[in-house]
Amino acid sequence: MSADGQSFFHRIRTGFEGAFARWGEFCHDHPWWIVLILVGALAYLATEFDTMEVDTSNEVYLHKDDPARVAYTAFQEEFGKDERLVVLVESDGDIVNERFLRQLEAWHERLKEIPQVDKVDSLINARLTIGREDELIVKDLLEDWPQTETEFDALRERIRSNPLYRNHYVNPDLTKTVLIVTPDAHTASYSGAGASDDVDDFDFSAGFGDDTASAEDPESESKDAEDEAKFITDDEIYAIIDTVRELESDFARPDFRIGVSGSPFMMHQLNFILGRDMFVFSGVGILVIAALLFALFRRWVMVVLPVGVSALAVYSTFGLMGVLGMVITPSVQILPSLLLAVGVGSAVHILTVYFQAVDRGDDKRGALRYALGHSGLAVLMTGLTTAGGLVSFITANLAPVADIGIIAPIGILSTLVFSLALLPALIAIIPFRNKGLRDEASGPLQRFLMWCADVSTTHPRRVVGIWFALIAVSLILIAQIRPSHFPLDWFPEGSEIRDATETIDAHFGGATFTEIVVDTGEENGLHDPELLHAVDRAMRFTEELEVSGVQAGKATSLLDINKELHQALNGNDPDYYRIPDDRQLIAQELLLFENSGSDDLEDIVDTRFSKMRITVKMPFVDGIHYADYLKEFKSGFREIIGERADVTFTGVIALLAGSVKVLMGDTIRAYLLAFCIILPLMMLIVGSVRIGLIAMIPNLAPIALTLALMPVLGIPLDAFTILVGSIALGLAVDDTIHFMHNYHRYYAELGDAPKAVRETLRTTGKALLVTTLVLSSAFFVYLLGTMHNLQDFGLLTGFCIIVAFLADALLAPALMMLVAQRQAKQRKEKTA
């Protein structure tokens, strides 16, 4: 850049520094006005906390207009919620005996009594369809209780021989059974038509083949759609889960071991443990920050002010979430740690320079003027670049990550307000002794910083070569990162949810579900034998297909009823366990089933008999495998059905697969956008396009090394670790800006690169090292957490903070030395 260009940027930088110096004087002269304004804002935000909600559902990972989520919402409006609790019961021996089944019956009945439980399905009420002379009997399996050992033997054989029971209610060796608990479809406050769960309220007079009035009335249809959207809430489902957990101790015994699984229970546990751990370890992190700040500075003001100001910034950010109507998702729960890191870092920088001014004899007003003039612009730019890096995530397809792209930048701006306004005002108000910091407390730190200055200025080419080699190796390792979305793996081995889910996956084909809707588009279209035979082939294909280690469990649908009916009405002959070939016969048999009093058709077909629901049990595996599986599953299923009907795939598994599909694209796009946002800001603060590009190297190095650590340690890229890169970029840029801002300041004053490096590390370097030690320790505390994803988050973020400091204490000075040497050489050549 020309001398005129450098002079222009120097004038801009000097102007901003002068403005911040005057702002420091204003804060000293009018502190109470600043405090009152901010306290008033905090008081208003406090009123918004009651409006905040927590959402850990599977739907929350996708935007509302995402096709997978739209299909899932439409399915729920038609058939209700598909999320169920799967309660496992294990015994050491055969479960078909009086003692076990009586306990199972008592457990079944007690679960039915839980408020907002729609129904419980188990061996106790498993559908038994039999023919007796000219009569069709549909009843519960244990409606007639066995009285003799012979009758128990007959029951055992009936269970083994019934295709509906095997691997659905019992495992092959009859040592395990499951109860499937289905919550109400609608929230307790819902009062729309059809909300009742009472069978007596269902209008059988209309018949399943009749049109309803609402189907012809657009206004009624619109109102029904609005009412049906009032699904049961997560809190209501969690209340059911809490009750189930409380009842376990009353029924469990050594030969009746109970475990709970299913996607609602997984989300419940995820919400509870993550919320608890984030709260506990955020608190522990604050204590660690406070302890280290006191140990390093031996001044209570260096503890209370950084922690207090940062905590208020976190508080205000969550209040703003309430104002904006945002919900707390699993990803948002990392926000306090990020904001504490940024807030404490900014406060420590300002306070360190403030006390350095005190050391040279300035009074409070003069010290505040110097501190804000020296570091105010750097703090502002670090906040803007960190916010800019996080804004890049607003384009993410994963909704919780996109939410971080909205609220995290707002939170960063909040930390700027509190660091640049409230902190100086509190310094002016609080009556503490105006003495400098204890140099002996940071003596070893100062010696380390001077060592970094000597190494980087004496051997710049060697230092740069080592860092470039590390970056090159990191880029190779980064290519091995694997995307993932596997919440089950976040839980520690031995936890109830993990043990129960793995057992159910192994013996029952899965504790979660994929839903398929087959829509014929015409009334009584489900009477077509050709279509039903095609669906039967497709269901067999579903159960036999295996892709990437994923294989579905049992698929259930209307066809199970068709086959049971046909067998029962043909003398209970197993050879007739099939779908009739005659349309009229299918319609007649289904009419007999309706008249038998069973309400099982309600959950699996619509009233016009044009749509059927197929529920497929699925094992809970890494979502990355679902994507490959569902691709073949969908194409194969649709190929078998052909043009006979439209087929829609939805359910929890489809949501998980959709979430994983966008992870890698989100990551690459967000980081590229962040780079484009941060680069111009970096060029502005260093006053040069070329130096700005060079200054990005110490920013990218910590990200590269942190991401490279993931495949080395087997850590996947998921909805949590995707955020580590954004935090890494933000914190790395913060350190680089502080170094570059002060290096160019001292270089302009001294005209000597090695001296400028030493002076920068002596002043700003001390704050950088202190914040590195404090913040990395606070994040490493998360290694003590219960959840693996939280441990990974703490490890990677702490590692990134350390690497970011080393890059700015070694790589950045070495790069500036090489730039200075090149400039000196060019000046010498021009002179010659």
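Above this text sits the structure in question.
Below or above, wherever it landed, is the structure these notes cover. What you are looking at is a predicted structure, and each value in this text was computed from that prediction instead of being measured.

As a further point, take empty space enclosed by the protein. Scanning the model with the defined rule gives 6 cavities of 30 Å³ or more in all. The volume enclosed by the second largest cavity comes to roughly 90 Å³. Together, Phe281, Ser282, Gly285, Ile286, Ile289, Ser337, Leu340, Ala341, Leu775, Ala778, Phe779 and Tyr782 line the second largest cavity. By residue number, the principal contributor to the lining of the second largest cavity is helix H9 (residues 263–297), which donates 5 residues. Along the lines of polarity and charge, the residues of the lining of the second largest cavity split into 9 nonpolar, 3 polar and no charged.

For the rest of this paragraph, the subject is helix H2 (residues 31–46). Over its 16 residues, H2 extends 23 Å from the first C-alpha to the last, a length consistent with the 22 Å expected when each residue adds 1.5 Å. Here H2 has its buried residues at Pro31, Ile34, Val35, Leu38, Leu42 and Leu45. The buried residues of H2 occupy an angular sector of 95 degrees when projected down its axis, which confines them to one face. Across from the buried face of H2, at angles greater than 90 degrees, the exposed residues are Trp32, Trp33, Leu36 and Ile37.

Before going further, it helps to spend a moment on the sheet that holds strand E2 (residues 117–121). Taken in spatial order, the 4 strands make up an open sheet running E2-E5-E1-E6, and their pairing is antiparallel. For this open sheet the edge positions go to E2 and strand E6 (257–261), each flanked by a neighbour on one side alone. For this sheet, the mean angle separating the axes of adjacent strands, direction not counted, is 20 degrees. Strand direction decides the pairing type here: strand E1 (residues 85–90) and E6, joined by 5 bridges, are antiparallel. What sits directly across from Val86, in E6, is Ser261. On top of the sheet, helix H17 (residues 496–508) reaches E1, strand E5 (176–183) and E6; it is set at about 90 degrees to E6, its chief contact.

The next thing to look at is the pattern of salt bridges. A side chain with one charge may pair with a side chain of the opposite charge, provided their charged atoms come close. According to the stated counting rule, one finds 31 salt bridges in the structure shown. For Glu248, the salt bridge goes to Arg245, with nearest N and O atoms at 3.2 Å. A residue pair is termed a helical-turn pair when its members lie 3 or 4 positions apart in one helix, as Glu248 and Arg245 do in helix H8 (residues 234–251) at 3 residues. On the accessibility criterion, Arg245 (31% relative accessible area) is partly exposed. The shortest N-O distance in the salt bridge between Lys563 and Asp536 comes to 2.8 Å. Remark: Asp536 occurs in helix H18 (residues 529–544) and Lys563 occurs in helix H19 (residues 558–568); sequence separation between them is 27 residues. It is possible to trace a salt-bridge network through shared partners that takes in Glu25, Asp29, Arg365 and Arg369.

Thresholds, definitions, all that
- Residues numbered from 1 in each chain as written.
- Predicted model: local features only at pLDDT ≥ 70, side-chain atom pairs only at ≥ 80, totals over all residues.
- Heavy atoms only, no water.
- 1 Å grid on protein atoms, 1.4 Å probe; cavity = no way out; pocket = protein on both sides within 12 Å on 5 of 7 lines; lining within 4 Å.
- Points joined across faces, edges and corners; volume = space filled by probe spheres on them.
- Helix = DSSP H or I, 4+ residues; strand = E, 2+ residues; numbered from the N terminus.
- Nonpolar A, V, L, I, M, F, W, Y, C, P; charged D, E, K, R; others polar.
- Expected span 1.5 Å × (residues − 1).
- Buried < 20%, exposed > 50% of the residue type's maximum accessible area, 1.4 Å probe, protein only.
- Arc of directions from axis to C-beta.
- Pairing = 2+ DSSP bridges.
- Axes fitted to C-alpha atoms, helices over the stretch in contact; angles between N-to-C directions.
- Contact = heavy atoms within 4.5 Å.
- Salt bridge = Lys/Arg side-chain N within 4 Å of Asp/Glu carboxyl O.

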